[in-house]
Amino acid sequence: MDAGEMELSLGDVRIRDLFDEAADKIRAKVEGRGATLTVTCAPDLRPIRADARRIGQALDHLLENAARAVSEGGAVTLTAEAGPAEVRLTVADTGRGIPYHLQAHVFDRFVRRERGGPGVGLALVKALIELHGGWAEVESEPGKGAAFILHLPLGAALTAAAPELQLEDGVSP
């Protein structure tokens, strides 16, 4: 990825399908910790042009982190909302949160944090979303949980796609 050699395999992606797959993989772990998993997908959400496998990897990583952070009686939520030019995917938990002094560096590689180990995983999430022309952010209040928000354009960035899959004016070929 650092060499700029990773290409996306674009297709029409239904976020609800990605959410269902991701939730199926993590549900037992979340419920095993005595917490609940809620999935909410806006009814007006239309498919986006993206790499389903890469977005799925980002969601899986964020959900794994949320499952580790949440405790008995807590909750993990997976939410998708449509905007005029983007889709916002949010993975939130009611776990211990992220200390304020670490939030600015949460997506940096190899930075140790209390949420567990070196930050290679969150750096990968950020890189995968940026390959699509999007961006990632975190909102957290220590002791009250964290929310990771992935902002994805309705169509992946032209520079990230293989030439035969590039979009023209945000419309699929």
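Before going into details, it helps to say that this report is about the structure given with it. Nothing here was measured: the structure is a model prediction, and the numbers come from that model.

Rules behind the numbers
- Residues numbered from 1 in each chain as written.
- Predicted model: local features only at pLDDT ≥ 70, side-chain atom pairs only at ≥ 80, totals over all residues.
- Heavy atoms only, no water.
- Pairing = 2+ DSSP bridges.
- Helix = DSSP H or I, 4+ residues; strand = E, 2+ residues; numbered from the N terminus.
- Axes fitted to C-alpha atoms, helices over the stretch in contact; angles between N-to-C directions.
- Contact = heavy atoms within 4.5 Å.
- Salt bridge = Lys/Arg side-chain N within 4 Å of Asp/Glu carboxyl O.
- Buried < 20%, exposed > 50% of the residue type's maximum accessible area, 1.4 Å probe, protein only.

**Here's the deal with the sheet that holds strand β6 (residues 135-140)**
Point 1. Taken in spatial order, the 5 strands make up an open sheet running β2-β4-β5-β7-β6, and their pairing is mixed. The open sheet has two free edges, formed respectively by β2 (36-41) and β6, since each of these has just one partner strand. Direction aside, the axes of adjacent strands within the sheet are offset by 10° on average.
Point 2. Looking at chain direction, strand β4 (residues 75-82) and strand β5 (residues 86-93) are connected through 7 bridges and run antiparallel.

**Topic: the environment of Ile-48**
Point 1. With respect to the secondary-structure elements, Ile-48 resides in strand β3 (residues 48-50).
Point 2. Taking the C-alpha atoms as reference points, Ile-48 and Gly-155, separated by 107 residues in sequence, lie 6.0 Å from one another.
Point 3. Not counting residues up to four positions away in its chain, the partners in contact with Ile-48 are Gly-11, Asp-12, Val-13, Ile-15, Val-87, Leu-152, Pro-153 and Leu-154.

**Some words on the pattern of salt bridges**
Point 1. In this structure the tally under the stated criterion is 9 salt bridges.
Point 2. The shortest N-O distance in the salt bridge between Arg-49 and Asp-12 comes to 3.6 Å. Residue Arg-49 is found in strand β3, and its partner Asp-12 is found in strand β1 (residues 11-13); the two are separated by 37 residues along the sequence.
Point 3. A relative accessible area of 13% means that Arg-49 is categorised as buried.
Point 4. The class of Asp-12 is exposed, set by a relative accessible area of 56%.
Point 5. Residues Lys-25 and Asp-60 are paired through a salt bridge, measuring 2.8 Å at the closest nitrogen-oxygen approach. Here Lys-25 is found in helix α1 (residues 15-32), whereas its partner Asp-60 is found in helix α2 (residues 52-69), with 35 residues between them in sequence.

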